[in-house]
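Residues per chain are reported as follows:
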Amino acid sequence: MADENPVRFGIMGCAEIARKVARAIHLSPNSTLHAVASRSVETAERFAARNGLSPTVKVYGSYSELLEDPHVDAVYMPLPTTLHLHWAILAAQNKKHLLLEKPTALDVGELDRILEACESNGVQFMDGSMWYHHPRTAKMKELLSDTKRFGQIKSIHSSSSYSGNSEFLDNNVRVKPDLDALGALGDAGWYCIGAIMWAMNYQPPSTVTALPSISRNSSGVILSCIASLHWEKEAVVATFFCSFLAHESMDLAISGSNGSLHLEDFIIPYEENSAFFTFTSGAKFVDLHVGWNVKPEETLVESELPQEAMMVQEFARLVKGVNISGCKPDCQWPKVSRMSQSVMDAVIKSIEFGFKPVRM
């Protein structure tokens, strides 16, 4: 059922991902798209036409115009990372709740300034990681918390990769040092780090170490990288691989003392309305080691809405809590983003220090 007082979104920037989120806003029952903005009105108009937006949606030829619109409650911002600091702070100062595309900033210092602006202006912050909001994610957490079936986490591995063609590797925003200097680490590695920290309930690792297998383009932007995270007290190790140079992968594998969990599409499910993962508990070899005593169990989780629409719906629910019910902004989501950004900073420091461990 549609909400009589939906949260009115403005989209700042007409990046390709904005098409997906515009659809998500349309599908979310408590949200509506009020305006889109680009650096030129022609670009914004093309975006509106290409995506079949309602004639009632405002079209602006500058970001400032959108932020000055008193009817915009919340902003989705898929701008290049280099532009986040300036425009995210301005959005918060204009009392716009902020759904910020990842990576959220170039480093944790920049993100802290964005979060401080959101907090001081009483607006909700959330980054655009959609997979957190799929019901599959909650179901996986339920099994990981089952000490009898899963036990204690021992190792985690995550990967996010895709093979960019020559046009991508030469001209895409994500390989330009003046636009998205974090490259594959920021774009793909953000998901891997987020998944690892989610599995560890956002407990900071003791050390973070980048491995020497790193690829950069001629401008120094990371195209491929591997890193490990270590929790000394818990004796847990995690590794991740992110790349613009390898075949498509979105793997998450978590091994515990009594069980293991695995999925190959954790960032974007194979299908929009359902997703699955496999879970194995109590696995052992049979006599003569010619097979296993159990096979992985496939757990299917249905979803009423695509995960991006569930993200928008949850963000809008929090916005309405602030605007209508007088609630304080939820502090969980800023903490989630800040943890990923902090680990990313540590990976970069490890690379700069000659691939030595960096203590968190």
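Quantities reported herein were computed from a predicted structural model and do not represent experimental measurements.

Caption draft 1: Highlighting the side chain of H134. Among the secondary structure elements, H134 is positioned in the loop between β6 (125–127) and α6 (135–144). Among the residues examined, H134 registers a relative accessible area of 2% and is labelled buried. Polar side-chain contacts of H134 include one of 3.0 Å to the backbone nitrogen of R136. Those residues in contact with H134 that sit more than four places away from it in its chain are P269, S274, A275, V301, S303 and Q307.

Caption draft 2: Broad picture of the packing of aromatic side chains. Counted under the stated rule, the structure contains 12 aromatic pairs. A centroid spacing of 6.0 Å and a plane angle of 45° characterise the contact between F9 and F315, whose relative ring orientation is tilted. Here F9 is found in strand β1 (residues 7–12), whereas its partner F315 is found in helix α10 (residues 307–323), with 306 residues between them in sequence. A relative accessible area of 0% means that F9 is categorised as buried. Through a chain of ring-to-ring contacts, three or more aromatic side chains come together here, namely W131, Y132, W198, F266 and W333.

Caption draft 3: Spatial organisation of the pattern of salt bridges. Here the structure, examined in full by the defined rule, presents 14 salt bridges. The closest approach of N and O atoms between D187 and K102, which form a salt bridge, is 3.0 Å. Of this pair, D187 sits in helix α8 (residues 183–187) while K102 sits in the loop between β5 (97–100) and α5 (108–120), placing them 85 residues apart in sequence. As far as burial versus exposure is concerned, D187 and K102 are alike and both buried. K139 is the partner of E142 in a salt bridge, and the nearest nitrogen-oxygen pair spans 3.1 Å.

Caption draft 4: Layout of the domain arrangement of the protein. Segmenting the protein into domains produces domain 1 (7–129 + 307–330) and domain 2 (132–306 + 341–359). Relative placement of domain 1 and domain 2: their C-alpha centres are 27 Å apart. Taken together, the contacts link 25 residues of domain 1 with 24 residues of domain 2. Between domain 1 and domain 2 the total buried area reaches about 2100 Å² when both faces are included, carbon and sulfur atoms providing 56% of it. Where domain 1 meets domain 2, there are two salt bridges. Our count for the domain 1 to domain 2 interface comes out at 14 residue pairs in polar contact (both at pLDDT 80 or more). For the side of domain 1 that touches domain 2, the elements supplying multiple residues, two or more each, are α1 (16–27), α5, β6 and α10. Residue contributions to the side of domain 1 that touches domain 2 peak at seven residues, all from α10. Tallied by class, residues from the side of domain 1 that touches domain 2 come to 12 nonpolar, six polar and seven charged.

What counts, and at which threshold
Residues numbered from 1 in each chain as written. Predicted model: local features only at pLDDT ≥ 70, side-chain atom pairs only at ≥ 80, totals over all residues. Heavy atoms only, no water. Helix = DSSP H or I, 4+ residues; strand = E, 2+ residues; numbered from the N terminus. Buried < 20%, exposed > 50% of the residue type's maximum accessible area, 1.4 Å probe, protein only. Polar contact = N/O pair within 3.5 Å; in protein donor to acceptor, adjacent residues only side chain to side chain. Contact = heavy atoms within 4.5 Å. Phe/Tyr/Trp six-rings, centres within 6.5 Å; stacked < 30°, edge-to-face > 60°. Salt bridge = Lys/Arg side-chain N within 4 Å of Asp/Glu carboxyl O. Domains from an automatic or database assignment. Buried area = accessible area lost by both parts, 1.4 Å probe. Nonpolar A, V, L, I, M, F, W, Y, C, P; charged D, E, K, R; others polar.

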